[in-house]
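# Remarks on the overall topology
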Amino acid sequence: MSSSPAAFDGSRRILVVMYCDVVGSTQMLVRLKEPEIFRELVDTLGEAVEDIVRHHGGQIVRKDGDGFVILFGHVTSHDDAGRRATEAALDIQQAAATFGATGGLPDVRLRLRTVIHSGLVLLLPGDIVRGRFEIPGIPTNVTAHLRALAEPDEILVSESTLGADRLFFRTGPRRLVIPSGCPAPLAVYSVLGREAVESRFAARIRRGSAPFAGRQLELAALEAGLGRCAEGHKVIAAVVGPAGIGKTRLAGEFLGRAAARGIASHRGYCEAYLGARPLQPFAQLISSLLAGAPPRALENARVLAGYLGGMTARDVQPLLRLLVADGGGGEAPPPRPEAVAPALLALLARAGGGAPLILCIDDWQWTDDASRKLLELVAAGSRAPMLVLLLTRDLDGRLAELPGLTVVQVPPLSLEDSRKAAEALLTGGDPFRVERIARDAGGSPLFIEELCQARPGSAQPTADADRSGWLDMMIQARFSRLAPEPARLVQIAAVIGHVVPEWLFEAITGLGPEDPALGRLAVEDFVYAGDVEGTLRFKHGITRDAIYNMVGLHQRRALHGRVVEALLARGAAGEDVQPEMLAYHCGACGDAERALHYAMSAANKAMEASALDRAQSLYRAAFDAIATLEDLPDRAGRASDLVRRYGQACVVDPSPDQIEVLEAMAALARSMGNEQGLALAQYWLGAIHYGLGNAGRSIEHLQGALEAAATLGNPKLTAQIKASLGQSHSAAADYPAARILLDEAIAALRLCRTGRLSTGLAYSLCCRGFLIADQGYFDEAAAYYREVESILGDAEPPMLGSYMTQMAAISLWKGEWDRAIDYGERGVRLSERTRTRYIAVMSRSLAAYARWRRDGDPAAVDELVRTAAWFMSGASQQRTSLNYGWLAEMLVARGDAKGARFYAACAFRRARAADRLGEGTACRAMARIAALRPGRRDSGHYLALAYRSAEARQSPRERAETLLCAAEIAEARREYGKGAELAAEAQAGFERLGMTAHAAQAEALRSALTSSC
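Only a predicted model underlies this, so the values are computations on that prediction, with no experimental measurement involved.

## Regarding the overall build of the protein
Scanning the protein from terminus to terminus reveals 46 helices and 17 strands. Taking the principal axes of its C-alpha atoms as reference, the protein extends roughly 100 × 80 × 75 Å. When burial is assessed residue by residue, the protein has 55% of its 1013 residues classed as buried. Expressed as a percentage of contacts within the protein between residues at least 6 apart in sequence, the contacts between residues at least 24 apart total 69%.

## A few points about the pairing of strand S13 (residues 386-392)
Within S13, 7 of the 7 residues are buried, which leaves it mostly tucked inside the rest of the structure. Of the two faces of S13, the one holding Met386, Val388, Leu390 and Thr392 and the one holding Leu387, Leu389 and Leu391 are both buried throughout. Here strand S12 (residues 357-362) runs beside S13; their pairing, made up of 5 bridges, is parallel. Across the sheet, the residue bridging to Leu359 is Val388, located in S13. As for the winding sense of the linkage, the β-α-β connection from S12 through helix H14 (residues 369-381) to S13 is right-handed.

## What about helix H41 (residues 897-912)?
Given 3.6 residues per helical turn, the α-helix brings residues three or four places apart onto the same face. Compared with the 22 Å implied by 1.5 Å per residue over 16 residues, the 22 Å span of H41 between its first and last C-alpha is a close match. Within the sequence span of H41, burial applies to Ala897, Gly899, Ala900, Tyr903, Ala904, Cys906, Ala907, Phe908, Arg910 and Ala911. As for H41, its buried residues are in contact with helix H39 (858-872), helix H40 (880-894) and helix H42 (919-932). One or two positions beyond H41, positive phi appears at Ala914, with a value near 85 degrees.

## Some remarks on the packing of helix H16 (residues 415-425) against helix H17 (residues 431-440)
Any two packed helices are characterised by the angle at which their axes cross and by the distance between the axes. Running from N to C, H16 and H17 cross one another at 125 degrees; their axes reach a closest spacing of 8 Å. Between H16 and H17, the angle is such that the two are oblique. The interaxial crossing formed by H16 with H17 has right-handed handedness. Residues Leu415, Ser418, Arg419, Ala422 and Glu423 of H16 pack against Val434, Glu435, Ile437, Ala438 and Arg439 of H17. For the contact of H16 with H17, the per-class residue count stands at 5 nonpolar, 1 polar and 4 charged.

## Structural notes on the sheet that holds strand S15 (residues 499-501)
One open sheet accounts for 3 strands, arranged S15-S17-S16; its pairing is antiparallel. The two strands at the open ends of the sheet, each matched to only one other strand, are S15 and strand S16 (527-529). If you compare each strand with its neighbour and ignore which way they point, the axes differ by 30 degrees on average.

## Here's the deal with the sheet that holds S12
Pairing within the open sheet is parallel, and its 5 strands lie in the order S11-S12-S13-S10-S14. One side of each edge strand has no neighbouring strand; the edge strands of this open sheet are strand S11 (264-269) and strand S14 (405-409). On average, adjacent strands in this sheet sit at an angle of 20 degrees to one another, irrespective of strand direction. Both strand S10 (residues 234-240) and S13 contribute to a ladder of 7 bridges, which runs parallel. When the bridges of S13 are listed, Ala238 appears paired with Leu390.

## Topic: H40
In this model, H40 (15 residues) spans 21 Å end to end at C-alpha, consistent with the 21 Å of a helix rising 1.5 Å per residue. Of all the 15 residues making up H40, 12 are buried; the element is thus mostly covered by neighbouring parts of the structure. Of all the positions in H40, only Thr880, Ser881, Leu882, Asn883, Tyr884, Gly885, Trp886, Leu887, Ala888, Met890, Leu891 and Val892 are classed as buried. Residues of H40 that are buried make contact with helix H36 (800-814), helix H38 (837-855), H39, H41 and H42.

## Looking at the packing of aromatic side chains
Applying the stated rule across the entire model yields 10 aromatic pairs. The interplanar angle of 5 degrees and the centroid separation of 4.6 Å between the aromatic rings of Tyr849 and Trp886 together place this pair among those described as stacked. Placement of Tyr849 in helix H38 and of Trp886 in helix H40 is noted, with a sequence separation of 37 residues between them. Take Tyr849: its relative accessible area is 4%, and that puts it in the buried class. Among the residues examined, Trp886 registers a relative accessible area of 5% and is labelled buried. Its end group placed over the ring of Trp503, Arg570 keeps NZ or CZ at 4.1 Å from the ring centre. One cation-aromatic arrangement involves Arg879 over Phe770; the distance from NZ or CZ to the ring centre is 4.4 Å.

## A closer look at the pattern of salt bridges
Opposite charge on two side chains makes pairing possible when the charged atoms of those side chains draw close. A complete count under the given rule lists 49 salt bridges for this structure. Lys63 serves as the salt-bridge partner of Glu50, at 3.9 Å between the closest nitrogen and oxygen. Of this pair, Glu50 sits in helix H2 (residues 35-55) while Lys63 sits in strand S2 (residues 58-64), and the two are 13 residues apart along the sequence. We classify Glu50 as partly exposed; its relative accessible area is 31%. Put simply, Asp774, Arg924, Arg953, Arg957, Glu958 and Glu961 are held in one network by salt bridges that share partners.

## With respect to the nonpolar core
The biggest cluster of nonpolar side chains holds 247 residues, and the ones touching the most others in it are Leu45, Phe72, Ile92, Phe505, Ile547, Tyr619 and Tyr803. If near-sequence neighbours (up to four positions away) are discounted, Tyr803 is found in contact with Cys766, Tyr785, Val788, Glu789 and Tyr823. By size, the runner-up hydrophobic cluster in this structure holds 46 residues, among which are Ala238, Leu304, Met311 and Ala341.

## Concerning the state of the cysteines
Here, disulfide denotes a covalent bond that connects the sulfur atoms of two cysteines. Scanning the entire structure with this criterion turns up 0 disulfides. Cys360 supplies the cysteine sulfur nearest to Cys229, a cysteine that is in no disulfide, at a spacing of 13 Å. Among the cysteines around Cys767, which has no disulfide bond, Cys766 carries the closest sulfur, lying 6.7 Å off.

## Examining the confidence of the model for the protein
Of all residues in the protein, 92% have pLDDT values of 70 or greater, and the mean over the chain is 87. This stretch, residues 1-9, has a pLDDT under 50; its non-local contacts, to residues over four places away or in other chains, come to 23 contacts. Considering only residues more than four positions removed or in separate chains, one finds that residues 455-466, a stretch of pLDDT under 50, has 30 contacts.

## Structural notes on the packing of helix H27 (residues 612-628) against helix H29 (residues 656-672)
Contact pair H27 / H29: the axes reach a minimum separation of 12 Å and the direction vectors enclose 30 degrees. The pairing of H27 with H29 is recorded here as roughly parallel in orientation. Our pair here, H27 against H29, has a crossing hand that is left-handed. Contacts between H27 and H29 involve Gln616, Arg620, Phe623, Ile626 and Ala627 from the first element and Asp657, Gln658, Val661, Ala664, Met665 and Leu668 from the second. Of the residues that constitute the contact of H27 with H29, the class distribution is 7 nonpolar, 2 polar and 2 charged.

## Looking at the environment of Arg398
Positionally, Arg398 belongs in helix H15 (residues 397-400). Taking the C-alpha atoms as reference, Arg398 lies 9.7 Å from Glu376; in sequence the two are 22 residues apart. At 2.8 Å, the side chain of Arg398 forms a polar contact with the side chain of Glu376.

## Overview of unusual backbone geometry
Residue His74 is joined to Val75 through a cis peptide bond whose omega torsion reads 15 degrees. Examined against the element boundaries, Val75 turns out to sit in the loop between strand S3 (67-72) and helix H3 (81-96). We note that Asp363 has phi near 55 degrees; this positive angle belongs to a residue other than glycine.

Thresholds applied
- Residues numbered from 1 in each chain as written.
- Predicted model: local features only at pLDDT ≥ 70, side-chain atom pairs only at ≥ 80, totals over all residues.
- Heavy atoms only, no water.
- Helix = DSSP H or I, 4+ residues; strand = E, 2+ residues; numbered from the N terminus.
- Buried < 20%, exposed > 50% of the residue type's maximum accessible area, 1.4 Å probe, protein only.
- Contact = heavy atoms within 4.5 Å.
- Pairing = 2+ DSSP bridges.
- Right-handed = clockwise from strand over helix to strand, strands pointing away.
- Expected span 1.5 Å × (residues − 1).
- Axes fitted to C-alpha atoms, helices over the stretch in contact; angles between N-to-C directions.
- Parallel < 35°, antiparallel > 145°, perpendicular 65-115°, else oblique.
- Left-handed = near helix turned anticlockwise from the far one by under 90°.
- Nonpolar A, V, L, I, M, F, W, Y, C, P; charged D, E, K, R; others polar.
- Phe/Tyr/Trp six-rings, centres within 6.5 Å; stacked < 30°, edge-to-face > 60°.
- Lys NZ or Arg CZ within 6 Å of the ring centre and 35° of its normal.
- Salt bridge = Lys/Arg side-chain N within 4 Å of Asp/Glu carboxyl O.
- Core = buried A, V, L, I, M, F, W, Y, C linked by side-chain atoms within 4.5 Å.
- Disulfide = S-S within 2.5 Å.
- pLDDT = per-residue confidence, 0-100.
- Polar contact = N/O pair within 3.5 Å; in protein donor to acceptor, adjacent residues only side chain to side chain.

Now the structure itself:
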């Protein structure tokens, strides 16, 4: 281990890399004719670049002809390194634009191209060829390739580099680009100039932030202070907490409530970036306090003295000098605090007028000594009722000594409040992602924001290079301030994991749980006592990840190796050791064979416990190991077994990232000549595409799997593939082909069945029953589901969630609302145990629609909107046309024609992709809109589409639903005779199918129409 977190020799650092070069230098050389003149221009540019970069805290690493490679974040780590680089780029561009004119070449203009990106690099000593440093790493390569995408005079900055500081700048629209060699899109902005935003607080407000949650005790403490002000007292309150914990949000909520009661507040801030002028926060407060003064009071001391009353022009002159100095209007130094205090006290008395007044200063930890002194003078001299609110990361000794100081500590948000904040920010309703973000953010609203905004539901993967670099730099800046020994301990804890067993930490470091060194790590806000007795934990999961990435490769592997030794020794002593931990640490230290063994063992246990998400990650780890073990005994057989098990873990909760893993498994099987593994990989690719709602792609893969399986002579695998093909044809609304394939597969699987439980057979029976139920033949479908129940018995395999959602949908089709709600709620509970996102979201959707049909619950519409957002976010699209069709129907009833059209269009798009389950419902919703608001298409057009959809699915149930809708539209048009005939036909159809609730509705409508004839 390095003795210092800032160690230079071969250290891993999170840095900002900037490339800046002259565009069109060859053409300029030709135009100038004399290379000496061009060289002088470039040398002048180099001198300017060096001065500007140094001013903003960066350093030039290398000069390549007329280009520069520049680093920010070394030697000193800055949490605003992205902003510093962008500020420097703007200054360099501005300077370059004047070089031709100042050098006597008015027609010559240097045009620059600048690109900026950030991330983890390896910082190595350079030489005469490689420059001051060598900086291999993904960000270096990405930045180099970004140059090809930047235009002349453009500053191109990655979104991950600027983060919340982007709002300091005017930018073009967000763009997704794919630099050469980058595996996935990278979000970038073209920086056009600076915005009129002076502080991070203002930038965050413009960006938007996590909603206010919790903090009731802290609000009550501030309200109590304001209550004392109302009684005529002055109060100084320090709101204390680490960066990102929500101090500004708390202050904003409090000031908003005060404003609603007519209490005025004024704000100032302290700035760390490049330092700030003395008394800066008070200059801002004074400007705000004088906002209602006569216009000439800010220019004329005599007018200002008259406004304040009892003051002379000489008394107020220091206050005016302070305003001029803060605005950059002159080189004179700002006045001394003692000179400003009398006029400021008079101004406070004048502004308050006897009423309570609030002064709020943000980021007080960066304040200057003059501001501290002025605060002390105000605190001692003011007689006005006033609350001074100081937001600060630390309660230093000088601040703590202020008489009567009230300290309001801001703790992390509770897990429940973190969940609420994440739910409000996420566009989709993935409950498990909400849970993961709430856990990893460690109660920090800032981290909740960033985790929610990182790939917020996008279906498209993003590059590893696109993680939140600015957030990692913030963590690195805080970590770099640690002394060497605490830094070493934090790095060891990061290698062990997010949760650190105390015994294991002691085995590696020699420090027991009572050692004062551990207490210091908590004080530094890194490692705390865990929620489970006998453990330590990182406060934030992303803090652990950032620090782990800063540990050198060889150091990291050696530490993982020591952890493996400690775990094996504990196991040899008879203590319980988790194979999951051994799998992780063996893989990380390079022991692939042991990693494979323990990963498979842990994954199989996770499958037995239906912890599918954990099983998937462990099987992926096992695949990483097996891919490197070319001499592994029976490698083909073990690889085939791995493919089979990984597919079983994925199929219940499909997601796009599984496709890439299965394609890699197929490629490995192909390279090994492993026909069994290839057939299985193709089979599971087809199954996952089916689960994602891609019926066409699913059929392609399954046909390939069927051809591969034909050479293996494996009747059970062939039957399973046929069953999946039948399911995919069913999803594509090709019911005749689906029936044939499913019937063949079910017959074969019954013969192949061994033991009591056969989930493959059970799921095939479910799909056969669901197909028939969609057509309306519920009694015949029930026979298939009874066989499913006999197979499952009391077992709860992962596919039980699919059974629950299908039964809920069938109950909806039959009009059995209570039964549908029950199945939906049972599906939700089961999904929480199995960690299956699709089942969780679809079950919520089914239950919500049933509640709406039963009693018109308005909250059900909002629930459907949330679930639809999750489906739209790139998750599984299987049967989502149902959700979109239901929403179209619900929004028509609510009178929201625009919203109904949107979701109907979504259902029609899914129908074009062969998901036709919700097509008829969407058509009927559009028919109702057309009947109410005649437009380009009349209701007859949409009813015809609904009849056609019912015919394609051979569904008398769908036809009867459309007949009932047509009868209701006829009633609205007062076509009573036609409506009565349609209602009678619908009633007869419902009665034949045993849909008693629908039949009763049709009968009531027919009677009403008949009596109106």
